[in-house]
Each structure stands twice: as C-alpha cells, then as structure tokens.
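Coordinate analysis (summary)
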2 protein chains.
Amino acid sequence: MNKGKINKKTAKAVETKKKIYESADQLFKKHGFDNVSVDSIVEKAGVSKGSFYVYFDTKNDLITTLIADTVYKVDLDYKSYLESFPPGTMASDILFSFVEKMADTIACAIGYDLMKMLYEAQITRTVNTEAVMGYNRKLYQVFSNIISQGIEQGDFRVDMSVDTITKHCIMAMRGLTYEWCIRYPDFDLKEQSLIHYEVLLNGIKKQ
Amino acid sequence: MNKGKINKKTAKAVETKKKIYESADQLFKKHGFDNVSVDSIVEKAGVSKGSFYVYFDTKNDLITTLIADTVYKVDLDYKSYLESFPPGTMASDILFSFVEKMADTIACAIGYDLMKMLYEAQITRTVNTEAVMGYNRKLYQVFSNIISQGIEQGDFRVDMSVDTITKHCIMAMRGLTYEWCIRYPDFDLKEQSLIHYEVLLNGIKKQ
DNA sequence: ATTATATATTGACTATAGTCAATGACTATA
DNA sequence: TATAGTCATTGACTATAGTCAATATATAAT
C-alpha cells in the first residue's frame, strides 16, 4: 500500500486525532489540566480510549503537543517583536525589552497552568519536549541575534561565544520561570526577571 | 488524654512510621523511585496501605521527606565547608569554590534520581517542599554570608541588598540544576555552573 | 474492673492512566 | 467481484495512587 496517501481511511484517522485534540483543548480550558481525565476526553470526542493511545503516547504527550503549538506561535511573535526595533538600537536595550516581553507572555498569554504542565513534562520526560527545550528552537536564534548585535556594537564581551552567551541567557529565563512556578503567586516574574537580567547583562558587557 | 505523651500506643505509631520510611528507603535505593509502588512498600513494612496514608499524604510526600533529610545534611556540610576558608579569603574565590562544591554535591552525592524527584515535587506541589525552597533554609544564610563578606571587602556592588543578591544567586543555581535535570546526561553541571557564575559574579562586582 | 474515649490500623473500594488482543473498515490486487 | 493485506478502532483489562468507614487496641475516667 502507498504511504502518506490521502484517502478515506487516513482522512478518518486525521479526523479522529483532531477530535481528540480539540475535545481535550476545550475541556482543559474549561476545567484545568488536573481535572480532566482521559476518559472524559474520549467520551467528549466520541472515540474509544484505545484510540487516544494510538495518537498520543500519554496524557502528557497531548498536553505537550498543545504547549508546542503555543510555543510555536509565541516564538513567531517574539521574532516579529524583535524585528520591530529600528536598526542601531542598543542590544542591551533590546534585551531588556525582550525580557519584559517574555515575562509578560509567560505570565499572561501562556499562564501558570500551562507553564507548570510544561515544566513538569520537561522534568519527568514522559514525553518529548524537544520543541521547547531543543537548541534548534527559534527562540535560540532570536536571542542569538541580539547577542551578536551587542558584540558588533562593541558593547558585549568577546571572550565568550555568542552560542554560549545565548544558551546561558535562555537558561536564566528558564530558571526564572521555574522559580515563578514553584513560588506562584508570590513571585513577580517580570520584576525579578528585570533585576536578574540587569545583573546578567552587567556580567556580559565589556568592563 | 494528654498530648505528646510517650506510651505504648504512640511508641507503636512512631515505630510504624519508621518501618514505612525505612522499607521505602531500601526499596528506592534498590529499584529507583519509579519502580517502587506504595503496595510494595507497605508489604515490605508489614503494614496496611491505610497506615501509609496516615503517616504520609502522598507517595511524593514520603519521597520529599527523604529529600528534606538529605538536604538538611547537605546544608550542614555546606556550612562547615564555608567555615573552612581562612578569614580574609576573597568572597569571589569562596563563591567559586562553593559553586563547585554544590555542583559536585548535586551531581554526585545526591544524584539525578533524587534531584529529579525533588524538582518534580516542587513544581507539582503535591507536597510541601518548604524545607528545600523556603527562604529560611540554611543555604540562604550560608550564601548570604559570602555576599556580605564580598560587600565588606568592597568587591561587590552596594546598590543591591544582600538579600536580593542571595536570592538571585540561589535561583541561578536552581536554574542550572533544572537545566541539568532536563538535559541529563548531556549537560555538565559543574562546568556550566562555573561559566554561569563567572558571568553572574562579574555582574555583582563593582565596576 | 468496667466503661468511655481516643487513636492506630485495616483492607476493600474508587479513580484513573495506560495496555493489548480482537474486531471492523478500507484499499490494492487479481 | 472476490480476496488478502493494512491499518484504524475498540473496550475489557491491568496497575497503581489514594480514600474511608469499620475495627482493634491502648489509655483515661468512674
């Protein structure tokens, strides 16, 4: 049989996966991740439990798919945000605005529940979170551009590679986000991120 | 009835909890956290499942108790390590040694499995992890001492409070540890920690 | 000693994630 | 059209975390 062909059978399979995905999305938004069982998802979708596990390895897999989709959109948004700065803007200024933008996105646009699920999934490794933590994620490119610019402008130190600085900057944001999650709601992500990056930037700048 | 009185009844209760704790500890060390069920713990301990849930809120609670005990010992070790430096040692030198010490402790003495469980427990909040993340943890005091020393020596900036610098330094270590967990074994905790703190320290020092 | 009270213990029960052999539906081939 | 092969689908099943009303046992009060 031909592979990847679109026919009644494959179309139905795609439809089934879509039904599960969308039912889950609706239920999650309505009741929160912790209050939605796989049974309730498949019931709403009108399919069997077995089907669920054909299309998703685990419940977390489905959630992480939802997150990866969100992350993809977020990164596109980040990219266009970065491109909106006029050429010649100081990299350090861009970095601060960008950190603020990220903190807003994480805390408001994505929200605590989703971030918590993601950070849990990353640590338990019940599912592949390459789309979020992989070094090929668009975010690394976006950050890398800012750092390169800072070096070109003669503002940032040159004894560390762009790649290294980028990875450590993103790791710091991840650390801030983790701290935000474990201390929620007693941790102001934006405020603390700005303080933290002020120190970090200070350490990245030429003395 | 008197409260907190030691008698046959309370002694037996203490004994039961201890049996559960020790059976779990042995099984975890032998098979790893993920391969030990509550049923197997209570079977080994020779008590009922109901008893388990009298003494521990959840399975994670038991694990976190194990971790908190480890953390307590670790912090004592940190404290004595710090005190072993001769007076007058530069705070920045102490900080580097200390970061190296922490990385070693986390990666070797505690190990990936335990750290992973802890970081998962912190994020899921299925259990109280105050002993590890609370600002009254001894580690904060230990770090705080280093920072104070750096300020007194005129080496560290004075436009940030000791408390703020301390919290951000520990958050950075937590961020590094989280990154280590999610990228394990492809992330050298000690190496990356030293790079990261070099930048951070640079940002904390007076210009 | 008897009774009342407090509390330690139990194990059957529920809830829910995840499995898998069997079945059904569609497609390609002759 | 008949048949074989492929793949989507099913739902009963297992595994395991966590619950709770009932019971057993020790202690306090009379």
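1. Details of the pattern of salt bridges
What the rule picks out here adds up to 26 salt bridges over all chains. The salt bridge partner of Asp77(A) is Lys101(A), with a shortest N-O separation of 3.0 Å. Residue Asp77(A) is located in helix H4 (residues 59-83), and its partner Lys101(A) is located in helix H5 (residues 91-110); the two are separated by 24 residues in the primary sequence. A salt bridge links Arg174(B) to Glu179(A); the shortest N-O distance between them is 2.9 Å. On the criterion of chain membership, the pair formed by Arg174(B) in helix H9 (residues 162-183) and Glu179(A) in helix H9 (residues 162-183) is interchain, its members lying in two chains. The exposure class of Arg174(B) is buried, given its relative accessible area of 5%.

2. Some remarks on the relation of the copies chain A and chain B
Superposing chain A onto chain B takes a rotation of 180 degrees plus a shift of 0.0 Å along the axis, which leaves an RMSD of 0.0 Å. Read as a symmetry element, the transformation amounts to a two-fold axis. A shared interface surface links the copies, since 100% of the contact residues of chain A are contact residues in chain B too.

3. A word on the protein's contact with DNA strand D
Among the 24 residues in the neighbourhood of DNA strand D, the closest are listed as Lys9(A), Thr16(A), Gly50(A), Tyr55(A) and Lys8(B). Considering the 4 Å shell around the protein, atoms of DNA strand D inside it are sugar or phosphate in 65% of instances. Side-chain polar atom of Thr16(A) to a phosphate oxygen of DNA strand D: 2.4 Å apart, as the coordinates give it. Elements supplying a minimum of two residues to the surface near DNA strand D: helix H1 (8-31) and helix H3 (49-55) of chain A together with helix H1 (8-31) and helix H3 (49-55) of chain B.

4. Points about the protein's contact with DNA strand C
Surveying the vicinity of DNA strand C reveals 23 residues, the closest of which are Lys9(B), Thr16(B), Gly50(B), Ser51(B) and Tyr55(B). Take the atoms of DNA strand C that sit within 4 Å of the protein: sugar and phosphate atoms are 62% of them. The contact in question runs from a phosphate oxygen of DNA strand C to an N or O atom on the side chain of Thr16(B), over 2.5 Å. Of all the elements in the fold, those that place two or more residues in the surface near DNA strand C are H1 and H3 of chain A together with H1 and H3 of chain B. In terms of residue class, the surface near DNA strand C is built from eight nonpolar, eight polar and seven charged.

5. Some words on the interface of chain A and chain B
Each partner contributes residues to the interface: chain A has 37 residues there, and chain B has 37 residues. Roughly 3,600 Å² is buried in total at the junction of chain A and chain B, and carbon and sulfur atoms are behind 57% of that figure. Joining chain A to chain B, the criterion identifies four salt bridges. Between Glu198(A) and Arg157(B) there is a salt bridge, with the nearest N and O atoms lying 2.8 Å from each other. Taken together, the links from chain A to chain B amount to 26 residue pairs in polar contact (both at pLDDT 80 or more). Of all the secondary-structure elements, those providing two or more residues to the side of chain A that touches chain B are helix H6 (112-124), H9 and helix H10 (189-204) of chain A. At twelve residues, the largest contribution of residues to the side of chain A that touches chain B is made by H9(A). Looking at the side of chain A that touches chain B, its residues break down into 19 nonpolar, ten polar and eight charged.

About the cut-offs
- Residues numbered from 1 in each chain as written.
- Chains lettered and ligands numbered in written order.
- Predicted model: local features only at pLDDT ≥ 70, side-chain atom pairs only at ≥ 80, totals over all residues.
- Heavy atoms only, no water.
- Salt bridge = Lys/Arg side-chain N within 4 Å of Asp/Glu carboxyl O.
- Helix = DSSP H or I, 4+ residues; strand = E, 2+ residues; numbered from the N terminus.
- Buried < 20%, exposed > 50% of the residue type's maximum accessible area, 1.4 Å probe, protein only.
- Least-squares fit on C-alpha atoms with pLDDT ≥ 70 in both.
- Contact = heavy atoms within 4.5 Å.
- Near = heavy atom within 4 Å.
- Polar contact = N/O pair within 3.5 Å; in protein donor to acceptor, adjacent residues only side chain to side chain.
- Nonpolar A, V, L, I, M, F, W, Y, C, P; charged D, E, K, R; others polar.
- Buried area = accessible area lost by both parts, 1.4 Å probe.

No statement about biological role is implied by the geometric values presented.
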